[in-house]
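# Coordinates in review
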Amino acid sequence: MKSAVETLNPTRVRLTVEVPFEELKDSLDAAYKKINQQVTVKGFRKGKIPARVIDQRFGRGAVLEEAVNDALPKFYTDAVNEAELNPLGQPEVDITELKDGETLNFTAEVDIRPSIEIPDYSGIEVEVDAIEVTDEDVEKSVEQLRERFASTSPVERAAADGDVLTLDLQAKVDGEILEDGVADGVSYTIGSGELLDGIDEAVKGLEAGGEATFTSELKGGSAAGKEAEVTVKVSQVAARELPELDDDFAQLASEFDTLEELQADSRKRLANMKQYDQATQAQERVLDKLLELVEVPVPEKLLEDEINTRKHNLEHHQLGQMGLDLEKYLELQGKTAEEFETETREAAVKGIKTQFVLDELVKQEKLNVSQEELTEHLMRRAASSGMSPDQFAQAVVEQGQVPLLVGEVARGKALAAVVEKATVKDTNGEIVDLDDEEDEETEADATEAADAEKADDKAEEKTEG
């Protein structure tokens, strides 16, 4: 076999391959054997039909077609390996010549991973937000915790802002009650914005037993996006009562004995959260600077596939779960279809460039992924997917996605290596030490999760009591 490579552009090549006919022997034998098992010829046992009889009865062309289809993937792979190419996606193959007993010639056009040169990136400098936790931030955090421990008690008066109502709802479209448009015993806090537009105005001022009708666009269900006539009946009005901000509240809502200790912990926790945001911001800005330094051609076919994948995931997964279509989503976002197309293309381009650059850095820096690192990454991905680690790991293995996870970890290490060499300053001009912050944040995440769990347990105990 002989092969040659023609570069069509920085991301696409054409392979020209010449295969001597004798190299098709194994595939021809396999073709005769396969046809033997599929056909019946009177006078011959199945599987024992001579090759000459198959040629006469079914044509030599059918055998050659079967043999070539079997052999092409191997010859293509051999040509790719010989040229040391990194193909992306499936090739476009064209058989240019097939002479029985003489030769097989074909061409294969395919996108390839471009050759990238990574310049010195040690001089990258970025600015990030300074970590500042104000008294107002602490007050808001404690107030949110206080809201979680609010209690309710029925009242005999008209409903007002902040009250918790028990409602019966009925929605009609074009005068017909929707099958999924009836709900009884719905709990709703006035002002929360969790149900339908216009409901606050409808229920305010109503007492238990009161009823009102209003028009609203349905957010989900079988008639999502349509205007509906909604009848709402109030069966109970309950006032929310917040616990006093004192040491008793601190003991109720946390492991602390005093309100002062609770406030100090809230300040520390907010600082840790801002440190995490700062580290994330640093990574994003360092990556942007790195991409500015590197010339990265993007294969057009790969880009179109990535754009289509992003659109598909948005429309059929994310929006579908929210009961929205793309048109309604764009309306809520205040974007035109053209703006959406532009943003999606820009995001896809950046995603592809990021992967190419970081993969090149992995190779350049000779970064490896340990089993421990892969396991930690798998645990994080499992948590974000809502699956148990065992379930997620099984799914990854069954779908052959282990190499994808390894690539994600390796690219993360490559970006971390770039960030480590970059100069990161906050808006106050102070140098930011991201290593220390990441370590502290890891510990803070665990502490915060444990504290939140304790608070939820106490809140449940109070409700049950």
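In every chain, residue numbers begin from 1 and rise along the written sequence. The model is predicted, so local features are restricted to residues of pLDDT at least 70 and side-chain atom pairs to those at 80 or more, both for listing and for counting; the totals for chains, interfaces and linings are taken over all residues. As a rule here, side-chain values come from all non-hydrogen atoms in the structure, and water together with hydrogens is ignored.

As a reminder, the rule being used: UniProt positions are given in the numbering used here, feature names are shortened, and annotations may be inferred rather than shown by experiment.
By the naming in an unreviewed UniProt entry, the protein is Trigger factor, taken from Streptomyces rubrogriseus. According to the UniProt record, the Sequence similarities (unreviewed entry) comment for the protein reads "Belongs to the FKBP-type PPIase family. Tig subfamily." The Subcellular location (unreviewed entry) field of the UniProt record for the protein holds the comment "Cytoplasm".

## Topic: the overall build of the protein
Stated precisely, the cut-off is as follows: Only DSSP runs of H or I with at least four residues qualify as helices, and only runs of E with at least two residues qualify as strands; both kinds are numbered from the N terminus onward. As defined in this context, the radius of gyration uses C-alpha atoms, and a globule is described by 2.2 Å times the residue total to the power 0.38. Any two residues whose heavy atoms approach within 4.5 Å at even a single point are treated as in contact. Residue burial considers only the protein chains on display, and all accessible areas are found by Shrake-Rupley using a 1.4 Å probe. Counted as positive: Lys and Arg. Counted as negative: Asp and Glu. His and the chain ends are not counted at all. Charge placement uses NZ in Lys and CZ in Arg. For Asp and Glu, CG and CD serve respectively.
Regarding its fold elements, the protein presents 14 helices and 11 strands. The C-alpha atoms of the protein give 33 Å as radius of gyration, which overshoots the globular expectation for 465 residues (23 Å, by more than 25%). Expressed as lengths along the three principal axes of its C-alpha atoms, the size of the protein is roughly 100 × 65 × 45 Å. Considering only intrachain contacts with a sequence separation of at least 6, the fraction spanning at least 24 residues in the protein is 68%. In the structure as shown, the protein presents an accessible area of about 28000 Å², 46% of it carried by carbon and sulfur atoms. Of the side chains in the protein, 51 bear a positive and 108 a negative charge, and the two mean positions are spaced by 11 Å.

## Notes on the UniProt feature "domain: PPIase FKBP-type" (unreviewed entry) in the protein
Per the UniProt entry, the sites bearing "domain: PPIase FKBP-type" (unreviewed entry) are residues 162-215 in this numbering. For residues 162-215, the end-to-end C-alpha separation is 22 Å, with 9% helix and 54% strand making up the annotated structure.

## Re a negative patch on the surface
Our working rule: Only residues whose relative accessible area exceeds 30% and that form no salt bridge enter a patch; like-charged residues are grouped when within 9 Å of one another, and nonpolar side chains (Val, Leu, Ile, Met, Phe, Trp, Tyr) when within 5 Å. What counts as a salt bridge is simple: a side-chain nitrogen of Lys or Arg found within 4 Å of a carboxyl oxygen of Asp or Glu.
A contiguous patch of negative charge, built from Asp247, Asp248, Asp257, Glu260 and Glu261, is present on the exposed surface. Residue assignment for the negative patch shows that the elements contributing at least two residues are α6 (247-253) and α7 (259-293). Here glutamate 261 shows up in helix α7.

## Considering the packing of aromatic side chains
Where we set the bar: The pairing test for Phe, Tyr and Trp rings, Trp by its six-membered ring, is centres within 6.5 Å, and the orientation test on the planes gives stacked under 30 degrees, edge-to-face over 60, and tilted for anything in between. Burial status follows relative accessibility: with a 1.4 Å probe on protein chains alone, a residue under 20% of its type maximum counts as buried, one over 50% as exposed, and anything between as partly exposed.
With the rule as written, the count across this model stands at one aromatic pair. Judged by centre distance (6.3 Å) and plane angle (85°), the ring pair of phenylalanine 149 and phenylalanine 249 falls under edge-to-face. Taken together, the positions of phenylalanine 149 in the loop between α4 (135-148) and β6 (151-154) and phenylalanine 249 in helix α6 put the pair 100 residues apart, joining distant regions of the chain. Relative accessible area serves as the criterion here: at 2%, phenylalanine 149 is assigned to the buried category. A relative accessible area of 2% places phenylalanine 249 in the buried class.

## Notes on the side chain of serine 266
Mapping serine 266 onto the fold places it in helix α7. The residues contacting serine 266, other than those within four sequence positions of it, are Val138, Ser141 and Val142.

## Focus: the nonpolar core
Counted only if it meets this: Side-chain atoms within 4.5 Å link the members of a nonpolar core, which is a set of buried Ala, Val, Leu, Ile, Met, Phe, Trp, Tyr and Cys residues.
Ile124, Leu290, Val357 and Leu361 are the most contacted members of the largest nonpolar core, which has 33 residues in total. Looking at this core, the elements that each hand over two or more residues are β5 (125-128), α7, α8 (300-322), α10 (337-365) and α13 (402-421). With seven residues, α10 is the largest single contributor of residues to this core. By size, the runner-up hydrophobic cluster in this structure holds 31 residues, among which are Val13, Leu15, Ile49 and Leu64.

## Thoughts on the sheet that holds strand β3 (residues 87-99)
Spelled out, the test is: Note on pairing: two strands pair once DSSP finds at least 2 bridges between them. For helices, the axis comes from a line fit to the C-alpha atoms of the stretch in contact; other axes are also lines fit to C-alpha atoms, and the angle between any two N-to-C directions lies between 0 and 180 degrees.
Pairing is antiparallel across the open sheet formed by four strands, whose spatial order is β1-β2-β4-β3. The two strands at the open ends of the sheet, each matched to only one other strand, are β1 (2-9) and β3. Recorded for the sheet is a direction-independent mean angle of 20° between the axes of neighbouring strands. Pairing between β3 and strand β4 (residues 103-112): nine bridges, direction antiparallel. Considered in β4, the bridge of aspartate 94 is made with threonine 107.

## Here's the deal with the packing of helix α1 (residues 25-38) against helix α3 (residues 60-83)
The test is simple: Should an angle fall under 35 degrees it is called roughly parallel, over 145 degrees roughly antiparallel, and 65 to 115 degrees roughly perpendicular, with every other angle called oblique. By definition, any crossing whose near helix is turned counterclockwise from its far helix by less than a right angle is left-handed, and any crossing with a clockwise turn is right-handed. Just so you know the grouping, Ala, Val, Leu, Ile, Met, Phe, Trp, Tyr, Cys and Pro go in nonpolar, Asp, Glu, Lys and Arg go in charged, and all remaining residues, Gly too, go in polar.
As a packed pair, α1 and α3 sit with axes 8 Å apart at the nearest point and diverge in direction by 120°. Relative to α3, the element α1 is oriented oblique. Relative to α3, the crossing made by α1 is right-handed. Facing α1, whose interface residues are Ser27, Leu28, Ala31, Tyr32, Lys34 and Ile35, α3 presents Arg60, Val63, Leu64, Glu66, Ala67, Asp70 and Ala71. Each residue belonging to the contact of α1 with α3 can be placed in one class, and the counts come to eight nonpolar, one polar and four charged.

## Concerning the side chain of serine 254
Formally: In the analysis that follows, any N or O atom pair within 3.5 Å is treated as a polar contact, provided that within protein one partner can donate a hydrogen and the other can accept it, and provided that, for residues neighboring in sequence, both atoms belong to side chains.
In this fold, serine 254 is placed in the loop between α6 and α7. Within the local environment of serine 254, its side chain forms a polar contact with the backbone oxygen of alanine 250, the two atoms lying 2.6 Å apart. A distance of 3.1 Å separates a polar atom in the side chain of serine 254 from the backbone nitrogen of phenylalanine 256.

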